[in-house]
Protein chains: 2
Amino acid sequence: MEQPLPIDQIVLGDCVESLRRLPSESVDLIFADPPYNLQLEGALTRPDNSLVDAVDDDWDRFASFAEYDDFTRAWLAECRRVMKKTATLFVIGSYHNIFRVGTAVQDLGFWILNDIVWRKANPMPNFRGRRFTNAHETLIWAARGMDARNYTFHYEALKAGNEDTQMRSDWFLPLCTGEERLKDAAGRKVHPTQKPEALIARALIAATNPGDVVLDPFFGTGTTGAVAKKLGRRFVGLERDPAYADAARARIAAVEPLDPRAVSAAPSRRTEPRIPFLSLVESGLIAAGETLVDAHEKHCATVRADGTLVVGPAVGSIHKVGALVQGHPSCNGWTFWHVLRDGSLVSIDELRGDYRARHSMAA
Amino acid sequence: MEQPLPIDQIVLGDCVESLRRLPSESVDLIFADPPYNLQLEGALTRPDNSLVDAVDDDWDRFASFAEYDDFTRAWLAECRRVMKKTATLFVIGSYHNIFRVGTAVQDLGFWILNDIVWRKANPMPNFRGRRFTNAHETLIWAARGMDARNYTFHYEALKAGNEDTQMRSDWFLPLCTGEERLKDAAGRKVHPTQKPEALIARALIAATNPGDVVLDPFFGTGTTGAVAKKLGRRFVGLERDPAYADAARARIAAVEPLDPRAVSAAPSRRTEPRIPFLSLVESGLIAAGETLVDAHEKHCATVRADGTLVVGPAVGSIHKVGALVQGHPSCNGWTFWHVLRDGSLVSIDELRGDYRARHSMAA
DNA sequence: ATACCCACTGAATCACGAT
DNA sequence: AATCGTGATTCAGTGGGTA
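Residues numbered from 1 in each chain as written. Chains lettered and ligands numbered in written order. Predicted model: local features only at pLDDT ≥ 70, side-chain atom pairs only at ≥ 80, totals over all residues. Heavy atoms only, no water.

We now examine the UniProt feature "domain: RAMA" (unreviewed entry) in chain A. Mapped onto the present numbering, the UniProt feature "domain: RAMA" (unreviewed entry) falls at residues 260–360 of chain A. Within residues 260–360 of chain A, the helical portion is 31% and the strand portion 23%, while the C-alpha atoms at the span's ends are 21 Å from each other. (UniProt positions renumbered as here; feature names shortened; annotations may be inferred. Helix = DSSP H or I, 4+ residues; strand = E, 2+ residues; numbered from the N terminus.)

Right, let's get into the protein's contact with DNA strand D. Near DNA strand D lie 31 residues; those nearest to it are Tyr155(A), Glu156(A), Lys159(A), His319(A) and Arg128(B). Looking at DNA strand D alone, sugar and phosphate atoms form 65% of those within 4 Å of the protein. Tyr155(A) places a polar side-chain atom, nitrogen or oxygen, 2.7 Å from a phosphate oxygen of DNA strand D. In the environment of DNA strand D, a phosphate oxygen lies 3.0 Å from a nitrogen or oxygen atom belonging to the side chain of Arg269(A). Of all the elements, helix α5 (residues 155–160) of chain A adds the most residues to the surface near DNA strand D, at three residues. (Near = heavy atom within 4 Å. Polar contact = N/O pair within 3.5 Å; in protein donor to acceptor, adjacent residues only side chain to side chain.)

Taken together, 41 residues lie around DNA strand C, and Arg149(A), Gln39(B), Arg46(B), Tyr95(B) and Arg128(B) are the ones closest in. Contacts to DNA strand C include Arg149(A), whose backbone N or O atom sits 2.7 Å from a phosphate oxygen. Within the contact set of DNA strand C, a base oxygen lies 3.2 Å away from a side-chain nitrogen or oxygen of Asn126(B). Of the residues contributing to the surface near DNA strand C, the split by class is 20 nonpolar, nine polar and twelve charged. (Nonpolar A, V, L, I, M, F, W, Y, C, P; charged D, E, K, R; others polar.)

What follows concerns the interface of chain B and chain A. Taken together, the 85 residues of chain B in the interface contact 80 residues of chain A. Both faces considered, chain B and chain A share a buried interface measuring about 7400 Å² in area, 50% of it formed by carbon and sulfur atoms. By the criterion of area lost to chain A, the three top residues of chain B are Phe99(B), Arg130(B) and Phe132(B), representing 12% of everything that side buries. Scanning the region where chain B abuts chain A turns up six salt bridges. For the salt bridge of Arg100(A) with Asp107(B), the shortest nitrogen-to-oxygen distance reads 2.7 Å. If you look at where chain B meets chain A, you find 47 residue pairs in polar contact (both at pLDDT 80 or more). With nine residues, strand β4 (residues 111–120) of chain B is the single largest residue contributor to the side of chain B that touches chain A. For the side of chain B that touches chain A, a count of residues per class yields 39 nonpolar, 25 polar and 21 charged. (Contact = heavy atoms within 4.5 Å. Buried area = accessible area lost by both parts, 1.4 Å probe. Salt bridge = Lys/Arg side-chain N within 4 Å of Asp/Glu carboxyl O.)

Right, here's the structure in full:
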């Protein structure tokens, strides 16, 4: 029944059935752009203008929503099974369906990390002037469960690309138009809801590493596959419509991957190898017996030969002693403590950098 | 059982019970700010070790999603009964609860007109660097039913106050801080989740006429009442906590109604939008993998897909890497770095100008 | 008066690997 | 599975005090 992952391929057929054939805990990210349920829209716009019994009306509506909810729960449950413990899920939708999707996400045990707003630079105006311009769509970003805490998230890379401030939950991006929009020979758009590559690229950059497998259960014309290939990720696409799948295949074949140096995971403090403070003492970058001070020279401590610090009667790690002298529950000793070098204060974190550079340790 | 509307009064007691005593089809707008069911576990500290003052009030604790859903359906059903046929409903929430609220809104037969995003000018950062900054909340705006087409909406006024362009579904507003935030004698905030008046004002300007009755079933410290009075509308407030109700009463008493001629759409606040370098890469103005150089072509760096630069082993923002290659403590990457265009060097600041011009973004 | 510095704050589902 | 030690992590804004 279960088959190996069809890497960089498009699987034709019903999305839920195809998902059932994928192995458990095998993909690193899911990007899903599910249908808005046209059947539901049909049911709700049924010509019944006379003000009939409201209860009947409600029941009819609820029955239609129930069908959409069943479908949503089916594909989301299979997605969750297929996700690695470190994987996350993106789902995009609008107010027509996103509330039902979000409820299902929570009910199935996913743990929502953020909802993200795609603010459209060039939305379709509201022609009749009866509503606000519908200028955004919503993405839900969720981990597999409440206890799935070590998901991939390139916080530092996103921050560095965003004026050195945290990436927010509202993303301003243009619609998919112009060159990027797939057109058929007659100039008609191939898919009605093609998403911009930039949107999916930001999701992939945030939550995957190069080589990771990205599953898109509603592949359409393959935007997720095209972005994955460009960014050095792999993909698995599920699609029901052979015409969309053909268009996607041709599109992805034409994609040129970026240079690996442009897409590799940037080093972060979290991913760099740990250096024991003792190593700095052993290497002579810091001398046993030397005095450490904080940046304001309010507190000081003495370095012992075993890599611990001493203040009065207290002995402990750079972190423990840093916390102690400040009266805090915790402290990052690397950034708190400094030494005097050439008349000015240098943080021991900088010396740790020197040590790393000197030994150029493989991570 | 049913009583006349308690106009411009605060009704003490359980929200659902109080709603049951209000007459059917009697109010013109409902603004609801229900508990979010945050599900917070441990304490959270900032990087400086200070404690985040979290919402840990009893009123926000629910045993399960099912219990929260029951509560949500109960108050929403009564709200729908109380609404005039021309009335609309605003509900505000975050990703913790808004999907469940939206599902209930749809199941009860409301007709969603828009979801609206309140983009916070000054949100609380993500202190652990494990998620995107949670920088927005969501409002659902709904009519009583799909057939309720003649609801109040001041399209023209909003457009006139918005640089003569349609008001979008994303609203950029600061948090409620400073003078506006209610404090007790000891200087502590009276209510943990007081909303900015500007947010509710925009909703009331959009969807009510002067003299209309605005019902707020979770009145708290009465922001809705204060805004209604200021804008020449009337209010009905339901509140469980007598201390909140007292604060609200005093607050509203101090409000001076605006001159009737001034009760129109408020102009929106505008600021120069900050452009992330990533946006230039995403938009294609600069290509991932492209080389940046300084004006004297002494230094160069490669652009990565995530909007960072790479030089040798170093990866960072345009500013950080610019500083690094020059050996300076800081650098304005926008003016330092250039790209080759048509045989001559163009600063990326110029490209940023092109981007701004192209998108003329609403802040 | 003005400028600068520091402390404080906001609806928050906020670490992770070794043992 | 649970515990423990290391050590990673913040933005826009208000307001008070000091130079």
